Amino acid sequence: MKKYYRLSELEKAFGISFDDAHYLNSETDVSFCIFCPTSDVTLGDYRKGKFVGFGCALYSGLISLDKSQQTELFENKKVSL
């Protein structure tokens, strides 16, 4: 068993279609995350409505999404993190 599965792999591995995954996301407590390949990341915070960066890093791994981000990802196929 893998540590994570792409949406496109769920049907073959478990018989879960994209529509099934969307239903699980919207109607149950099942949560999803996204895999981030190695990427440059700017660390920072918002101050007075503007983003202020204070560091740079490389990150690779899973990113948790809150319920509204998960819904946006299913409905629009993109999300702003």
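Data block above holds the structure.
Everything in this summary refers to the structure shown in the same document.

## Describing the overall build of the protein chain
If you tally the helices and strands in the protein chain, you get three helices and two strands. Listed by position from the N terminus, the elements making up the protein chain come as α-α-β-β-α. Whereas a compact globule of 81 residues would reach a radius of gyration of roughly 12 Å, the protein chain reaches 15 Å, over 25% beyond that. When its C-alpha atoms are laid out on the principal axes, the protein chain stretches across 45 × 25 × 20 Å. The contacts in the protein chain between residues at least 6 apart in sequence include a share of 40% that link residues at least 24 apart. Of the roughly 6500 Å² of accessible surface on the protein chain, 54% is carried by carbon and sulfur atoms. Each charge class in the protein chain was averaged separately, 10 positive and 11 negative side chains, and the resulting centres sit 10 Å apart.

## Observations concerning the packing of aromatic side chains
On inspection of all chains with the given rule, the structure shows four aromatic pairs. A ring pair is formed by phenylalanine 32 and phenylalanine 74, whose centres lie 5.6 Å apart and whose planes are at 70°; its orientation type is edge-to-face. Here phenylalanine 74 lies in helix H3 (residues 67–76) and phenylalanine 32 lies in the loop between helix H2 (18–27) and strand S1 (33–47), a separation of 42 residues in the sequence. Its relative accessible area of 8% is what places phenylalanine 74 among the buried residues. Clustering of aromatic rings is evident, with ring pairs tying together Phe18, Phe32 and Phe74.

What counts and what doesn't
- In this convention, every chain numbers its residues from 1, walking through the sequence in written order.
- Since the coordinates come from a predicted model, pLDDT governs what is reported: local features require at least 70, and pairs of side-chain atoms require 80 or more to be given and counted, while whole-chain, interface and lining totals use all residues.
- Heavy atoms throughout the structure, all of them, feed into the side-chain values; hydrogens and water do not.
- For helices the rule is a DSSP run of H or I covering at least 4 residues; for strands it is a run of E covering at least 2, with both sets numbered from the N terminus onward.
- Note that the radius of gyration is over C-alpha atoms, with the globule rule given as 2.2 Å times the number of residues to the power 0.38.
- Any two residues whose heavy atoms approach within 4.5 Å at even a single point are treated as in contact.
- We get accessible surface area from the Shrake-Rupley algorithm with a probe of 1.4 Å; when it comes to residues, only the shown protein chains can shield them.
- Asp and Glu are treated as the negative residues and Lys and Arg as the positive ones, with His and the ends of the chain left uncounted.
- Think of each charge as sitting on NZ of Lys, CZ of Arg, CG of Asp or CD of Glu.
- Two rings from Phe, Tyr or Trp (for Trp, the six-membered ring) form a pair when their centres are within 6.5 Å of each other. A pair whose planes differ by under 30 degrees is stacked, one over 60 is edge-to-face, and the rest are tilted.
- Relative accessibility decides the category of a residue: with a 1.4 Å probe and only protein chains considered, values under 20% of the type maximum give buried, values over 50% give exposed, and everything between is partly exposed.

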